[in-house]
Amino acid sequence: MSLQRRLMVYLLLSAPLVWAAALFVSVDRSRYQVNELYDTELVRLARQVLATQRASQPALATLPQMPPPPAPGAPDSGESDVRDLAVAVWDREGRLLVADRDGGSLPFRPGAAGFVEDVVEGRPWRLYYLQAPSGELVASGQAAYERDELVLSLVGSQIVPWLLVLPVLLLAMGWAVRRALAPIRQLTDELQGRDGDNLTPVADAQAPMELRPLVQAMNSLFARIEGLLARERRFTAEAAHELRTPLAVLRAQWDVVKRSRSEEERARAQEQMDAGLARMDRLVTQMLALSRAESAAPVAPGSDVAWQPIVEQVMGDCLDLAHRRRIELVCQWPASGRPPLPLVGDAHLLTVLLRNLVDNAARYGPVGSTVTLRMGEEQIEVENEGGPMPPEQLATLGQRFHRPAGQAEAGSGLGVSIVQRIAAMHGLEVVYDAGAGDAVRAIVRFPRPTSP
């Protein structure tokens, strides 16, 4: 169901309920006002009759009955109707002294005072009794349906115009709803008219206040998507550029193998092809690891990281390289026996992080040296004996597909980028500095506050 139709349904359901509540209040207030008006008239009538009776003191035998009300249509009768209005006066013994046409049917209530609801000749009446000091009792009354008729007349005079203008009101509400939802339709039309490459922010200056958080969230999403697409394009371009070199080398070596005339020449060309294939394999593996790390969502809260199986897997993965280059792998745990670097994260990604650090340290350290992995309580360190790194080389760490000149080992130049990305996903940072002696040390830790 559309938002416009939903609003119309809500309005059509709410309007009758509001009208019913307003009608109930209107009837209640009208009845109160009518009762107050007529009760005042009954009190005034009873007091006037009592004052007249006390002034004249007539006898019942000598006083005639009050004249009947004027017939309908009589001159100067106006809109008066006293057929359901009655008055009566009794003495203290209950003898009727004065009564109009319907007053004789009013009940005598000795000692009564104030208003009383009663039934007179089968119809509900509202009676007012006034007790005189001399003992006379005056009663004035009115039929209840007269008041109900007036209340209904007053309320009906308000309801009928509302019912007559109901279609106009519905049309006005429909127009108002469409006008109120016009910015949403404009935003929808603007987004539908865009092509897939248009990620420019949506202007929110003219948007209503209720739509601005939505527009701002959409603009933020557009910015993130644009950044993601830019990274993908850059990654694709860089990968295509880097894959061109090993493919060209493999093609050249294959030509050498086909044209070689001696076994020695063929063996040397095959050895070069094996090295090229190994480099391409490592490059593709690192590119896939970087792509997964960059496309992964921020690490959600989970269980605490168990470092021991991670370290065991990393050492096992780097064992062949260390054996080939006669590197001794050493792992040091906290001397206090406390767990190293308490962290909540993804064990697989952290395995990739440590494996890249240990692999780089073993691959580019001197042959026959030592690579030390220190699992500290506040940080993790990977150290080799590669000697201090020049400042220009430190400045290029983390650049994709960049490898320092003069490297004999095959590599892709993506290991440091993968490490930095995984560390950032876990709220960590990676810094490089000089260790003890001529060592080079990579430190994984939580970011430190910058000193002023």
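Coordinates for the structure precede this section.
Presented here is an overview of the structure given in this document. Just so it is clear, the structure is predicted and the values come from calculations on it, not from any experiment.

1. Examining the overall build of the protein chain
Piece 1. Counting its regular elements, the protein chain contains 11 helices and 10 strands.
Piece 2. The 452 residues of the protein chain split such that 35% are buried.
Piece 3. The long-range share in the protein chain, meaning contacts at least 24 apart out of those at least 6 apart in sequence, stands at 63%.
Piece 4. When the accessible surface of the protein chain is totalled, it reaches about 27800 Å², and 58% of it is carbon and sulfur.

2. Here we look at the side chain of R126
Piece 1. When you line up the elements, R126 lands in strand β4 (residues 123-131).
Piece 2. Aside from chain neighbours lying at most four places away, what touches R126 is D39, L42, F115, V116, E117, S140, G141, Q142 and R147.

3. Examining the pattern of salt bridges
Piece 1. Tallying each qualifying case throughout the model produces 13 salt bridges.
Piece 2. In this structure, the salt-bridge partner of E381 is R374, at a minimum N-O distance of 3.5 Å.
Piece 3. You can call E381 buried: its relative accessible area is 11%.
Piece 4. The salt bridge partner of E429 is R445, with a shortest N-O separation of 3.0 Å.

4. Considerations on the pairing of strand β2 (residues 96-99)
Piece 1. As paired elements, strand β1 (residues 85-90) and β2 share 3 bridges and run antiparallel to each other. Bridge pairing in β2 links W90 to L96.
Piece 2. Hairpin connection from β1 to β2: 5 residues lie between these consecutive antiparallel strands, with G94 at a positive phi of about 95 degrees.

5. Focus: the packing of helix α7 (residues 307-317) against helix α9 (residues 347-364)
Piece 1. For the pair α7 and α9, interaxial distance at closest approach is 9 Å and the crossing angle is 40 degrees. As summarised for this structure, α7 and α9 are arranged oblique, according to the angle between their axes. For the pair α7 and α9, the sense of crossing is right-handed. Only A347, L350, T351, L354, R355 and V358 of α9 make contact with α7, whose side of the interface consists of W307, I310, V311, Q313, V314 and D317.
Piece 2. Grouping the amino acids of the contact of α7 with α9 by side-chain chemistry returns 8 nonpolar, 2 polar and 2 charged.

6. Structural notes on the side chain of N384
Piece 1. By the element assignment, N384 lies in strand β8 (residues 379-384).
Piece 2. Separated by 3.1 Å, the side chain of N384 and the backbone oxygen of A361 make a polar contact.
Piece 3. Not counting residues up to four positions away in its chain, the partners in contact with N384 are A361, Y364, G365, T370, V371, A439 and V440.

What counts, and at which threshold
- Residues numbered from 1 in each chain as written.
- Predicted model: local features only at pLDDT ≥ 70, side-chain atom pairs only at ≥ 80, totals over all residues.
- Heavy atoms only, no water.
- Helix = DSSP H or I, 4+ residues; strand = E, 2+ residues; numbered from the N terminus.
- Buried < 20%, exposed > 50% of the residue type's maximum accessible area, 1.4 Å probe, protein only.
- Contact = heavy atoms within 4.5 Å.
- Areas by Shrake-Rupley, 256 points an atom, 1.4 Å probe, with all protein chains shown as cover.
- Salt bridge = Lys/Arg side-chain N within 4 Å of Asp/Glu carboxyl O.
- Pairing = 2+ DSSP bridges.
- Axes fitted to C-alpha atoms, helices over the stretch in contact; angles between N-to-C directions.
- Parallel < 35°, antiparallel > 145°, perpendicular 65-115°, else oblique.
- Left-handed = near helix turned anticlockwise from the far one by under 90°.
- Nonpolar A, V, L, I, M, F, W, Y, C, P; charged D, E, K, R; others polar.
- Polar contact = N/O pair within 3.5 Å; in protein donor to acceptor, adjacent residues only side chain to side chain.

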